[in-house]
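Descriptive analysis of the structure
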Amino acid sequence: MSVAPKKTTNFSSDQEVRWCPGCGDFAILAQMKKILPLLNIEPENIVFISGIGCSSRFPYYLETYGMHGIHGRAPAIATGLKRVRPDLQVWVVTGDGDGLSIGASQLIHAMRRNVDIKILLFNNRIYGLTKGQFSPTSPPGLITSSTPKGTAHQPLYPLALALASNATFVARSIDTNAKHLSNILKRAAEHRGTAFVEIYQNCHIYNDGAFDFAKNADIRDEHTVELIDGKPLIFGKEKNKAIQLNGTSLEIVPLNEKTKRDNLLIHNEECSSPAVAHLLADMQYPNMPEVIGVLRAINAPTHNDRMPDERLPADTRVQKLKQFFNAGETWEIS
Amino acid sequence: MQQRKKVKTQSKIDENPNSVIIRFSGDSGDGVQLAGSQVALTSALMGNDIATFPDFPAEIRAPKGTLAGVSGFQLHFASHQVFTPGDSVDVLVAMNPAALKTNLSYVKPQGTIIVDTDAFDDKGLRLAKYENNPLKDDSLDSFQVIEVPITSLTRESVAEAGISHKEATRCRNFFAMGLIYWLYDRDIEATLRYINSKFKEDIARADTLAFNAGWSFGETTESFARNYTVNAASLQKGTYRNITGNEALAFGMVTAAHLSNKELFYGAYPITPASDILHRLSRFNHLGVRTFQAEDEIAAICAAIGASFGGSMGTTGSSGPGIALKTEALGYAVMLELPLIVINVQRGGPSTGLPTKVEQTDLFQAVMGRNGEAPMPVLAASSPSDCFDTIIEAWRLAARFMTPVMVLSDAFTANGAEPWLIPDIDNIEPIPISHPEDKKDGKPFLPYERNDVLSRPWAIPGTTGLTHRIGGIEKQDGTGNISYDPHNHELMVNFRAQKVANIQETIPETEIYGEKSGDLLLVSWGGTKGTCLEAVKQAQSENKSVSHLHLRHINPMPGDLKEHLKNFHHVLVAELNSGQLRQLLRAEFLVDARGLNKVRGQPFWIRDVKAKIDSVLEGKE
């Protein structure tokens, strides 16, 4: 049964959006409002759950059910909700601090269980709401309010973590790349199982320009490569570079008449092994272009699929309960 | 087998005693828990009232023969109602020297000690740090010591079963049980049934042989002059079974879900002594129960909160350290005003503390342990079977008042067993829950609009026209929107406090055991009820003006409590902590309450409570 697409306005709550002017979160919210009406799901059957941080105010701005959680725990709240309400579409909105630092455990365990939820990780490589400390994804050496001489910590790579956690859908997009982002959000919504989407999101107050290499129209084509299922990884303003597998590493090769097309890496989202996806996740600026798109999308039983469901009809349960009460040794006092 | 000549057996023990207390003790792997629980079950089936007290170390298998590895199981059966596993024991079964050394202080003067002499070799004595063999000096002269080479007799008796030497040795708990069954005229049938249903064929055969051999040994050995019988107790009519506190919590939750027409979700992370609740519930999937073993305590409660948001009966359970981890989420649940049950099976603390031992040291944590002003109802179960009723009441309150409710049990109550009068589910009052229905008038839904008891509506996802957002940030009255308004914040703080205070209206009149005024009121809460009641009974039998008041409702407290406290010259608060309830009573009611306190990881003994009562009455303190 299909439902008429909803107008975008149906999904805007009456709350004033309170991110800093120019925040990348606005762009993500706009794309979300654009794709939600396309899903043919009534607003009352959608739930947004978030943690703590700038990104986690997201649920307040959508006219769906929503829970603004506690720091890092949105995936756990979502897991409980989805377990008892498989009929709902459940989204988790988190950030690099919320999801990868305080809530890293909740994030990886939701993914490895393949709970049927959609996790959006807004990665701005900084703590915004607490005023500019380094985050688990900040590059080494970043000067922040808590690291006057630069952070000495090695960063975590969200896509690599998601792959290592066996997430069944792993993708990356960019806040201002509207067309790409809306497509990825829609694909995440349609995936059955945990969908993990890293979104490069600019915090222009505390870490402005962190993703210039991927956003600046002058240079982004040289430093990003869009993944298209079944196609080679071709990039560059002139579409003159490609990626190929050499031994166990990926390398950049020029694309011209002499290029042996058969040697190029052909992207396969559905590859049962995550090995190549790991190589893609490991491509880092400035040595390599960074991938955007879907790294992995496989079918696997969800958490609810794997859980036993031997439930008896409600009216026979009470009989069974009485049997349990009386199981084992009983005796009468008369 | 030798009977100590110095002691005259027959004159020391009542041949038809009203009650008997036995403690089995041995290595963690000696099967003493099994032995004790079988004697308890058999006694219950014979119509005795019973109470049990498993007392075991945190280590699953501590080094064999050492003092650290001693596990004990105490049981009390009687021809009258019993409320505790008993203070000191009539019979101690010590499977090795370490068990004797650890448990000797529990044996009554002139009590019986059955020892496995095979275990009292040089190595066994050395591991137990005995310089001299206590069986060969005069240190046990005030007891009746019955020396039985249990290990070698067991091996001989099971020879025909054709099992390994090691397996044969492991049957010795059944030999010891057989001896006890003969001594106290216990019916062997239930245990034979148990053996045959539990073990594979050759082991079952060996266990049966050892069990019968122990029984026959008692019968044929001249030194045991006779056995003793304990008549059936007169209990309320009905069908009974034995139940532990943790089983009763699991049954109670499933029942509460049924009564409220809800599906039960239980999120948990393994922790002693609460894990059995998870184990039990995980077998109830067909009853609509979803259990979730989470990655940690925080995820366990957060998943339960998510389930409650979805319209299920969200529950979680743990022990003190786990509750500490859940603290932030508890405050979150207070703010969300969603129903939730949180069980704390208390153990010795702080930190890891004494994981398998009993304390009541988490009362402050339950009542006050959250940031901000986050009031939460707290109920405490008084016995294994009372866990069933307490958790049902907890859900009744959680659903009606839209609040998380903390239920306190403890290691003693969780693992101890007593007969449970199996209730007729059809006769338990239903728990009505209503959710607001689809709304299509286009008017905004008010998720924080309050009813007569200040509860907000439980609107669940999937309902048309009720989309709303909740969260831990302060809410605007009515709309639930984020609000930093100072007056609104104070209003909401007061609403949350008054809502929990309103629960007082649902608390029935407080029962007083004894006169409603007098010299001394003994106040207790939680799992110490039985012990305190026994002590008060003893005092009353000496015509002392002593009454007993037991609290289930810790927050809010009953409305008539203040009056009761004022009607006694002395108020004595007995608790297994340094005086937490006493502090609350003093603060709340300006009453000069005194304390009887014990923080040793052990329950109260009746004699301690009685001695304190006497001491206060005599003006010694």
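What counts and how
Residues numbered from 1 in each chain as written. Chains lettered and ligands numbered in written order. Predicted model: local features only at pLDDT ≥ 70, side-chain atom pairs only at ≥ 80, totals over all residues. Heavy atoms only, no water. Helix = DSSP H or I, 4+ residues; strand = E, 2+ residues; numbered from the N terminus. Buried < 20%, exposed > 50% of the residue type's maximum accessible area, 1.4 Å probe, protein only. Contact = heavy atoms within 4.5 Å. Areas by Shrake-Rupley, 256 points an atom, 1.4 Å probe, with all protein chains shown as cover. Rg over C-alpha atoms; globule rule 2.2 N^0.38 Å. Lys, Arg positive; Asp, Glu negative; His and termini not counted. Charge placed at Lys NZ, Arg CZ, Asp CG, Glu CD. Right-handed = clockwise from strand over helix to strand, strands pointing away. Phe/Tyr/Trp six-rings, centres within 6.5 Å; stacked < 30°, edge-to-face > 60°. Lys NZ or Arg CZ within 6 Å of the ring centre and 35° of its normal. Buried area = accessible area lost by both parts, 1.4 Å probe. Polar contact = N/O pair within 3.5 Å; in protein donor to acceptor, adjacent residues only side chain to side chain. Nonpolar A, V, L, I, M, F, W, Y, C, P; charged D, E, K, R; others polar. Axes fitted to C-alpha atoms, helices over the stretch in contact; angles between N-to-C directions. Parallel < 35°, antiparallel > 145°, perpendicular 65-115°, else oblique. Left-handed = near helix turned anticlockwise from the far one by under 90°. Pairing = 2+ DSSP bridges. Domains from an automatic or database assignment. Salt bridge = Lys/Arg side-chain N within 4 Å of Asp/Glu carboxyl O. Core = buried A, V, L, I, M, F, W, Y, C linked by side-chain atoms within 4.5 Å. Expected span 1.5 Å × (residues − 1). Bend = angle between axes of the 7 residues up to and from the residue.

Here we look at the overall build of chain A
From N to C terminus, chain A includes eleven helices and twelve strands. Projected onto the principal axes, the alpha-carbon positions of chain A cover approximately 95 × 50 × 50 Å. The buried share of chain A, taken over its 334 residues, is 54%. Considering only residue pairs separated by 6 or more positions, chain A has 65% of its internal contacts joining residues 24 or more positions apart. Of the accessible surface of chain A, which amounts to about 14,400 Å², a share of 51% is contributed by carbon and sulfur atoms.

Section: the overall build of chain B
Scanning chain B from terminus to terminus reveals 21 helices and 22 strands. A compact globule built from 621 residues would reach a C-alpha radius of gyration of about 25 Å, and chain B, at 27 Å, matches this within 12%. With respect to the three principal axes, the spread of C-alpha positions in chain B is 90 × 60 × 45 Å. Across the 621 residues in chain B, those meeting the buried criterion constitute 64%. Contacts in chain B between residues at least 24 apart in sequence constitute 77% of all its contacts with a sequence separation of at least 6. As displayed, chain B has an accessible area near 23,500 Å², and 48% of this comes from carbon and sulfur atoms. Across chain B, the mean location of the 61 positive side-chain charges is 2 Å away from that of the 73 negative side-chain charges.

Focus on the pairing of strand S10 (residues 289-293) of chain B
Extensive coverage of S10 of chain B is indicated by the burial of four of its five residues. Chirality of the crossover, the property in question, places the unit of strand S9 (residues 264-268) of chain B, helix H11 (residues 275-281) of chain B and S10 of chain B among those that are right-handed.

Points about the packing of aromatic side chains
Considering all chains together, one arrives at 28 aromatic pairs over all chains under this definition. Plain terms: the ring middles of Phe 77 of chain B and Tyr 184 of chain B are 6.1 Å apart, the flat faces sit at 80° to each other, and that makes the pair edge-to-face. Taken together, the residues span a long stretch of sequence, with Phe 77 of chain B in strand S4 (residues 70-78) and Tyr 184 of chain B in the loop between helix H7 (172-183) and helix H8 (189-198) at a distance of 107 residues. With relative accessibility at 2%, the residue Tyr 184 of chain B sits in the buried group. Grouped by ring-pair contacts, the aromatic residues Trp 19, Phe 26, Phe 48, Phe 58, Tyr 61, Trp 91 and Phe 122 of chain A constitute a single cluster. Against the face of Tyr 130 of chain B rests Lys 101 of chain B, its NZ or CZ located 5.0 Å from the ring centre. The ring of Trp 458 of chain B is capped by Lys 262 of chain B, whose NZ or CZ atom sits 4.9 Å from the centre of that ring.

Quick look at the interface of chain A and chain B
Taken together, the contact pairs 56 residues of chain A with 73 residues of chain B. With both chains or domains summed, chain A and chain B bury close to 5,600 Å², and 59% of this area falls on carbon and sulfur atoms. Taken as a group, Tyr 65, Phe 325 and Trp 331 of chain A account for 16% of the area that chain A buries against chain B, more than any other trio of residues on that side. On the surface where chain A and chain B come into contact, there are 32 residue pairs in polar contact (both at pLDDT 80 or more). Secondary structure elements with two or more residues in the side of chain A that touches chain B: strand S2 (65-68), helix H2 (74-84), helix H4 (104-113), helix H11 (314-325) and strand S12 (330-333) of chain A. Residues that form the side of chain A that touches chain B fall into these classes: 23 nonpolar, 17 polar and 16 charged.

What about the packing of helix H5 (residues 150-157) of chain B against helix H9 (residues 201-220) of chain B?
Residue and element names in this part refer to chain B. At a minimum axis distance of 9 Å, the contact between H5 and H9 shows a crossing angle of 120°. Classified by the interaxial angle, the pair formed by H5 and H9 is oblique. Considering only the axes of H5 and H9, their crossing is right-handed. For the pair formed by H5 and H9, the contact residues are Leu 153, Thr 154 and Ser 157 on the first element and Leu 209, Ala 210, Ala 213 and Phe 217 on the second.

Comments concerning the pairing of strand S5 (residues 169-174) of chain A
Successive residues of a regular strand alternate their side chains across the two faces of the sheet. Residue and element names in this part refer to chain A. Among the six residues that make up S5, six are buried, leaving the element largely enclosed by the rest of the structure. The alternating pattern of S5 places Phe 169, Ala 171 and Ser 173 on one face and Val 170, Arg 172 and Ile 174 on the opposite face, and all of these are buried. Across six bridges, the pairing between S5 and strand S6 (residues 195-200) is parallel. Of the residues in S6, the one forming a bridge with Ser 173 is Ile 199. As for the winding sense of the linkage, the β-α-β connection from S5 through helix H6 (residues 178-190) to S6 is right-handed. Of the pairings in the sheet, the one linking S5 to strand S11 (residues 290-297) comprises four bridges and is antiparallel in character. Bridging from a neighbouring strand, Val 170 pairs with Arg 296 of S11.

Focus: the sheet that holds strand S10 (residues 249-254) of chain A
All names here are of chain A. Pairing within the open sheet is antiparallel, and its three strands lie in the order S8-S9-S10. With partners counted over all chains shown, the strands left at the sheet margins are strand S8 (234-235) and S10, one partner each. Where strand S9 (residues 241-246) meets S10, six bridges bridge the pair, whose relative direction is antiparallel. Across the sheet, Lys 241 pairs through a bridge with Pro 254, a residue of S10.

Some thoughts on the environment of Ile 114 of chain B
All names here are of chain B. Here Ile 114 shows up in strand S6 (residues 107-116). Separated by 45 residues in sequence, Ile 114 and Gly 69 have C-alpha atoms that sit 19 Å apart. Look past the residues within four positions of Ile 114 in its chain and what remains in contact with it is Val 91, Leu 92, Val 93, Ala 94, Ile 146, Val 148, Ile 150, Leu 179 and Ile 180.

Quick look at the domain arrangement of chain B
Residues and elements named next belong to chain B. Taken domain by domain, chain B holds domain 1 (2-220), domain 2 (241-423), domain 3 (434-505) and domain 4 (512-617). The distance between the C-alpha centroids of domain 1 and domain 2 comes to 35 Å. If you look at the interface, domain 1 gives 14 residues, while domain 2 gives ten residues. Of the roughly 940 Å² buried where domain 1 meets domain 2, counting both sides, 61% is carbon and sulfur surface. Connecting domain 1 to domain 2 are one salt bridge. With a closest N to O distance of 2.5 Å, Asp 55 and Lys 357 form a salt bridge. Summed over the shared surface of domain 1 and domain 2, the result is four residue pairs in polar contact (both at pLDDT 80 or more). Secondary-structure elements contributing two or more residues to the side of domain 1 that touches domain 2 are helix H2 (32-45) and strand S3 (49-55). If one sorts the elements of the side of domain 1 that touches domain 2 by residue count, S3 sits on top with seven residues. Here the residues of the side of domain 1 that touches domain 2 are counted per class, giving eleven nonpolar, one polar and two charged.

Focus: unusual backbone geometry
Of note, the bond from Tyr 285 of chain A into Pro 286 of chain A is cis; its omega dihedral lies within 30 degrees of zero at 5°. Looking at where Pro 286 of chain A falls in the secondary structure, it is placed in the loop between helix H9 (275-281) and S11. In this chain, Gly 349 of chain B is followed by Pro 350 of chain B through a cis amide linkage whose omega measures 0°. A positive phi is found at Arg 125 of chain A, a non-glycine position, where the angle reads about 60°.

Let's talk about the nonpolar core
With 155 residues, the main nonpolar core has Met 67 of chain A together with Leu 281, Ile 305, Ile 343 and Leu 585 of chain B as its most contacted residues. When sequence neighbours within four positions are dropped, the list of residues in contact with Met 67 of chain A reads Phe 48, Ile 49, Ser 50, Pro 59 and Ile 77 of chain A together with Ile 305, Phe 309, Tyr 332, Leu 336, Leu 338 and Ile 470 of chain B. Ranked by size, the runner-up nonpolar core spans 52 residues in total, among them Ala 40, Phe 175, Ile 195 and Ala 233 of chain B.

Thoughts on helix H13 (residues 320-336) of chain B
For an α-helix, the turn length of 3.6 residues means that residues three or four places apart are oriented alike. All names here are of chain B. Along its 17 residues, H13 runs 23 Å from first to last C-alpha, staying within 8% of the 24 Å computed at 1.5 Å per residue. In the structure, H13 departs most strongly from a straight axis at Lys 326, where the bend amounts to approximately 50°. When you tally the buried positions in H13, you get 13 out of 17 residues, the bulk of the element. Two residues or fewer past H13, Glu 337 is found with a positive phi of approximately 55°.

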